[in-house]
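# Structure at a glance
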Amino acid sequence: MFPILLSIFFPIAAGVFLLIRYRTPLSGEKRNTDRKALLLLTGCFLVITAAFAVAALLTGTGKDGFILFNLTKTLPVYFRIDSVGTLFSLLAVIVLPFAGFFSFEYMKHEERESRYYGFYLLAFGVLNGLCFAGNLITFYLFFELLTLSSMPLVMHSGSKEAVMAGLKYLFYSLCGAYAALFGIYFLYRNCDSLTFTAGGALRASAVAEHGGFLLVTAFVMLLGFGVKAGMFPMHAWLPTAHPVAPAPASAVLSSVIVKAGVLATIRVLGMFGTNFLRGTWVQTAWIILTLITVFMGSLLAYREPVLKKRLAYSTVSQLSYILFGLAVMNETSRTGALCHVLAHGFVKAALFLCAGAIIYKTGKTRVGEMRGIGKEMPLTLWCWTIASLGLIGIPPTGGFVSKWYLALGSLKSGLPVFDVLGPVILLLSALLTAGYLLPLTIYGFFPGADYDYGSLQKKEPCKLMIVPILILTILSVLIGLFPDIIASTIDMAITGR
Amino acid sequence: MNFICNFPFFSILLSLFSGTICSVLPAKAAKVVNRAVIIAVGLMSAVLLLYLLSTGEPFIYWMGHFPAPWGNEIRAGVLEAGMALFFCMIMYLSMAGGAHKLPGEVVESKHNLYYILVNLLLSSLLALVYTNDMFTAYVFVEINTISACGLIMIRQVGRTIEAAVRYMIMSLLGSGLLLFGLCIMYDLTGHLLMSNIKESVGLIMANGEYQIPLIVSVALMCIGLCIKSALFPFHAWLPDAYGYSTVSSAAILSSLVSKGYIFLLIKIIYRVIGFDIFNNTRIIDVLFVFGLMGMIFGSLSAIKEKDIRRMIAFSSVAQIGYIYMGFGMGTQAGMVASVFHILSHAATKSLLFVAAIGLTDVSGGSRKFIDLTGAAYRNKWAGVAFTAGSLSMVGVPLFSGFISKLLFAQAAVQVEGKMLASLIVLGISTVLNAIYFMKTVLRIYATTDEAAYTGITFRDMKAYAVTLVFFILLNVILGVSSQPVVNMIEQGLAMFA
């Protein structure tokens, strides 16, 4: 009980403390010493939070679940750790601290650094709450809070563009969440409780009575929560909001926070039960939407010249890989989907941090300007290259394993048309992925004969930046080398233990 | 009889006579008397509430120890005491939040009059809450109307005089209908005391004679009170009345005056007609439909509005619609949700009015959206408060608005025929709410290039900022620990029967 509560409320309290303690921007002669103290505090808070979350995962105290307080008589705020939650929490616990350390250098010249760290910690706590939520209403609570606490990260720079992007993000997320809430009301009537239970919580009588309406409800909820995961047709916020945030925040947004939408989808599937949805029009419609998103996201990324925006479009596409795996609704595709949650999480964080390092060191934002960057920042670009291979899905990286399972699951599914069309689109999109990620490697390492080698400078970023990138890159490969460990956790997640 | 049982009588008389005293006092002293009376009444209500919770029994108080029908009766249960306490809290905060604007809005010589009207309003509200006699209720409805009219008109600009005249006409129409209904009721039953009427109504329904006149009388009373509480389509008087009066008046009118009438209607439903008899009439279906229409059309009008105060006023129409929708469901759960929404809306709407004035003040007094651009940066406290109020209105978890929506939805799913309509309209209305409130938040946080207006800091508005903080706290408390409040409402409604 206590590790769970601490992992949620400690970072929230710490974040609020930072926001209040450092409410005026650091300035003057003491800026450097003050900043050191701030960073030390933030670092400690991040590590302690991660430690609490790991403790919560390891001690297993959360398996039985506990009620924090009752929101209304029959709706408790209830926490329980299950294996799906464990998987997502693992991603958060690894990516957030590393991206946080990266920000220590990246945010050096920013004025309102403390505000950033404050909301960063808040988002960390809320994410933990989201992973450990044990029923739909608790989940919804943290889902809304996640939007609110991550919005300031998007708006950090305070420019007009950033503020508008933040509000776009807020608006899309709120509308999506409300569509989902509508479903929750109806589920509440047709389920015995809103607690997550394996195999669906619908009452059999309800299915017989309002089956058709329940399908509509399921579709509305999938669409609503799909907004957060950037699913077509409500994806427009993502390429606007993610690139305007500071690079480490984009990394967290793109690799972890959007996964909240995926987790939500898994929870919704869990509530309805895949048996109820398999073979219905909901499944067909959902698969069509995900495939459109996969292809469209890649295509838009391919055409996008600004590096961070390109990565954001890539997120749109990659998240729908995961959603596609869930929509196919068999065990193999689901393994692929859950595996891709981790693979994409590590890769996208690494890629955004690489992009951040390049922007920080050179100030260049467009891919076209980055010729010869590999000569100046070889280590960064190597990390970029390896992580890219992971996203494209080349063995032995994590992306290969997940895409393998996704394709296999789709082929085995026996769905009409989509069993073959699915893998074909995934392959096409993988080609496009190579097309939009690798040019940076190619022109970065081989700038061509006319490149002015004389002006080369060593621009490799400092350890605080390069080490997190390295670790995330290595992780993205490791999960491909040792898929057994991941697969066994995921197996547990599928069987629902 | 315990000394505490005198408190309802004391609070009505205290506020009534303090009004008279205010007329001879200088403005400053009148202000002190006004505040002191509100606090004293609030304290008495709190003590009374605790006493009633401990005894668990409502009591009937004979004025002057004359038994009915010679004497007048006052009745106090948990709900009455709780409502009185809540009204006092909102009234105090509204007065405090608008105090700094008063000199600019009302001519110096009329400040006395202002406090007289406020005290009179408080006394009539308390009488409406406590009375056990229909005719007394009618008398205080008229007093309430007159003082409310005065509160609108005391700021003497063209629009307010027009608004007051309009309010007067509509409101008198409402009280006229109430009086008609009352006359027919008196004719049928021969009583004016609520408990006696209820007995006779039970007999009439059992005998099967004079049922139609009885229904007509109930319908007349309902429509009368609907007009007075601005249920759609009787809301034409509302936007001007709330939009152009002084800040405190707008906050008090929107959150208390209309709620006083609604509370009287609840009393009539439970204490005069009987809950079951009322629910068997078709009146609840009419209320339900008007409630739903109000929820949508109120929001649509608010979206079209370009003036922030009028927008908030139109939003009231939608919120009143929620309350009547709860009545229309015809279940205990619906009624509990409605009563909770009375509290939640009162707390939120007054917060919005008070916060809006902070924003318009730093925008050159203009209430047009275009001028409010970036106002939240100029008055940070008002910006935060307005955002909090908006989030509550939209129904974000942890704020009171979420709980009322949850309660409405929970109540709706128990009513077979009305479930779908309620849930769909609830969904639409939530999204519409999100559109216009988020649009406003977006506007006040948009960045401007030129600093056209000067900002204000905490030092210049300590009292105002503290009031806002209390308002936000009230909202959050209602949103987080709603269970005790809901329990109290249930207990209070049970005492009504």
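Residues numbered from 1 in each chain as written. Chains lettered and ligands numbered in written order. Predicted model: local features only at pLDDT ≥ 70, side-chain atom pairs only at ≥ 80, totals over all residues. Heavy atoms only, no water.

## Quick look at the pattern of salt bridges
Residue and element names in this part refer to chain B. In the structure shown here, the tally under the stated rule is 13 salt bridges over all chains. Residues D285 and K418 are paired through a salt bridge, measuring 2.9 Å at the closest nitrogen-oxygen approach. Of this pair, D285 sits in helix α13 (residues 283-304) while K418 is found in the loop between α18 (400-412) and α19 (419-445), placing the two residues 133 residues apart along the sequence. For D285, a relative accessible area of 29% gives the class partly exposed. Beyond isolated ion pairs, a larger network of salt bridges with shared partners links R159, D240, E305 and R310. (Salt bridge = Lys/Arg side-chain N within 4 Å of Asp/Glu carboxyl O. Helix = DSSP H or I, 4+ residues; strand = E, 2+ residues; numbered from the N terminus. Buried < 20%, exposed > 50% of the residue type's maximum accessible area, 1.4 Å probe, protein only.)

## Looking at the interface of chain A and chain B
Buried accessible area, meaning the area lost when the parts come together, often serves as the stated size of an interface. Taken residue by residue, the interface counts 31 residues in chain A and 35 residues in chain B. Buried area between chain A and chain B, summed over both chains or domains, comes out near 2800 Å², and the portion from carbon and sulfur atoms is 77%. Considering only the side of chain A, the residues that lose the most area to chain B are Y178, Y185 and R189 of chain A, jointly responsible for 23% of the buried surface there. Across the chain A-chain B interface, the total number found is zero salt bridges. At the boundary of chain A and chain B, one finds three residue pairs in polar contact (both at pLDDT 80 or more). Mapped onto the side of chain A that touches chain B, the elements with two or more residues apiece are β1 (66-72), α5 (136-154), α6 (160-190) and α7 (204-226) of chain A. Residue contributions to the side of chain A that touches chain B peak at 15 residues, all from α6 of chain A. Of the residues in the side of chain A that touches chain B, the class split is 22 nonpolar, five polar and four charged. (Contact = heavy atoms within 4.5 Å. Buried area = accessible area lost by both parts, 1.4 Å probe. Polar contact = N/O pair within 3.5 Å; in protein donor to acceptor, adjacent residues only side chain to side chain. Nonpolar A, V, L, I, M, F, W, Y, C, P; charged D, E, K, R; others polar.)

## Some words on the packing of aromatic side chains
Under the counting rule described, the total for this entry stands at 42 aromatic pairs over all chains. Where Y322 of chain B meets F408 of chain B, the ring centres are 5.9 Å apart and the plane angle is 50°; that geometry is what we call tilted. With Y322 of chain B in helix α14 (residues 308-329) and F408 of chain B in helix α18, this pair connects stretches of sequence that are 86 residues apart. For the pair shown, Y322 of chain B and F408 of chain B are each scored as buried. Taken together, the aromatic side chains of F98, F101, F104, Y116, Y117 and Y120 of chain A make up a single cluster linked through ring pairs. The ring of Y92 of chain B is capped by R35 of chain B, whose NZ or CZ atom sits 5.5 Å from the centre of that ring. Seen from the ring of F288 of chain B, K418 of chain B lies directly overhead, with NZ or CZ sitting 5.2 Å from the centre. (Phe/Tyr/Trp six-rings, centres within 6.5 Å; stacked < 30°, edge-to-face > 60°. Lys NZ or Arg CZ within 6 Å of the ring centre and 35° of its normal.)

## Some details on a nonpolar patch on the surface
All names here are of chain A. A cluster of nonpolar side chains, F295, L299, L411, V420, V424, L428 and L431, forms an exposed patch at the surface whose accessible area comes to about 600 Å². Of all the secondary structure elements, the ones that give two or more residues to the nonpolar patch are α12 (281-303) and α18 (418-445). Of all the elements, α18 adds the most residues to the nonpolar patch, at four residues. In this structure, L411 sits in helix α17 (residues 398-412). (Patch = residues over 30% accessible without salt bridge, like charges linked within 9 Å, V, L, I, M, F, W, Y side chains within 5 Å. Areas by Shrake-Rupley, 256 points an atom, 1.4 Å probe, with all protein chains shown as cover.)

## Topic: helix α13 (residues 307-328) of chain A
For α13 of chain A, spanning 22 residues, the distance from its first C-alpha to its last is 32 Å, which sits close to the expected 32 Å at 1.5 Å a residue. Buried residues dominate α13 of chain A, accounting for 21 of its 22 residues. (Expected span 1.5 Å × (residues − 1).)

## Describing the environment of A463 of chain B
Residue and element names in this part refer to chain B. Here A463 is to be found in helix α20 (residues 462-480). The exposed category is assigned to A463, whose relative accessible area is 57%. With 363 residues separating them in the primary sequence, A463 and H100 have C-alpha atoms 8.7 Å apart.

## Brief notes about the domain arrangement of chain B
All names here are of chain B. When its domains are assigned, chain B resolves into domain 1 (1-275) and domain 2 (282-497). Between the C-alpha centres of domain 1 and domain 2 the distance comes to 22 Å. Both sides together, the interface formed by domain 1 and domain 2 hides about 4600 Å², and carbon and sulfur atoms give 78% of it. Among the residues of domain 1 in contact with domain 2, L93, F232 and Y270 are the three that bury the most area, contributing 14% of the side total. For the side of domain 1 that touches domain 2, the element with the highest residue contribution is helix α11 (residues 247-273), accounting for 15 residues. (Domains from an automatic or database assignment.)

## A few points about the environment of L14 of chain B
Residues and elements named next belong to chain B. Within the element layout of this structure, L14 appears in helix α1 (residues 7-22). When the C-alpha atoms of L14 and A333 are compared, they prove to be 35 Å apart, with 319 residues separating the residues in sequence. Dropping the residues within four chain positions of it, L14 is found in contact with V37, A40, V41 and M44.

## Some remarks on the environment of L122 of chain A
Residues and elements named next belong to chain A. Here L122 is to be found in helix α4 (residues 113-132). L122 gets classed as buried once you look at its relative accessible area, which sits at 13%. Separated by 114 residues in the primary sequence, L122 and I8 place their C-alpha atoms 8.8 Å from one another. With residues up to four places along the chain from it excluded, the contact list for L122 reads P11, I12, V16, L19 and S149.

## A short note on the pairing of β1 of chain A
All names here are of chain A. Here β1 pairs with strand β2 (residues 75-79) via five bridges, running antiparallel. Residue pairing for β2: F69 is matched across the bridge by V77. The turn joining β1 and β2, which pair antiparallel and follow one another in sequence, is formed by two residues. (Pairing = 2+ DSSP bridges.)

## Things to note about the side chain of E305 of chain B
Structurally, E305 of chain B can be placed in the loop between α13 and α14. Residues contacting E305 of chain B, with those up to four places away along its chain left out, are R310, M311, F314, F369 and K439 of chain B.

## Side note on the nonpolar core
In terms of nonpolar packing, the biggest core is built from 363 residues, with V262 and F272 of chain A together with M91, I266 and F386 of chain B touching the most fellow members. Sequence-distant contacts of F272 of chain A, that is, excluding residues within four places in its chain, are made with L187, G200, L202, L214, T217, A218, M221 and L277 of chain A. (Core = buried A, V, L, I, M, F, W, Y, C linked by side-chain atoms within 4.5 Å.)

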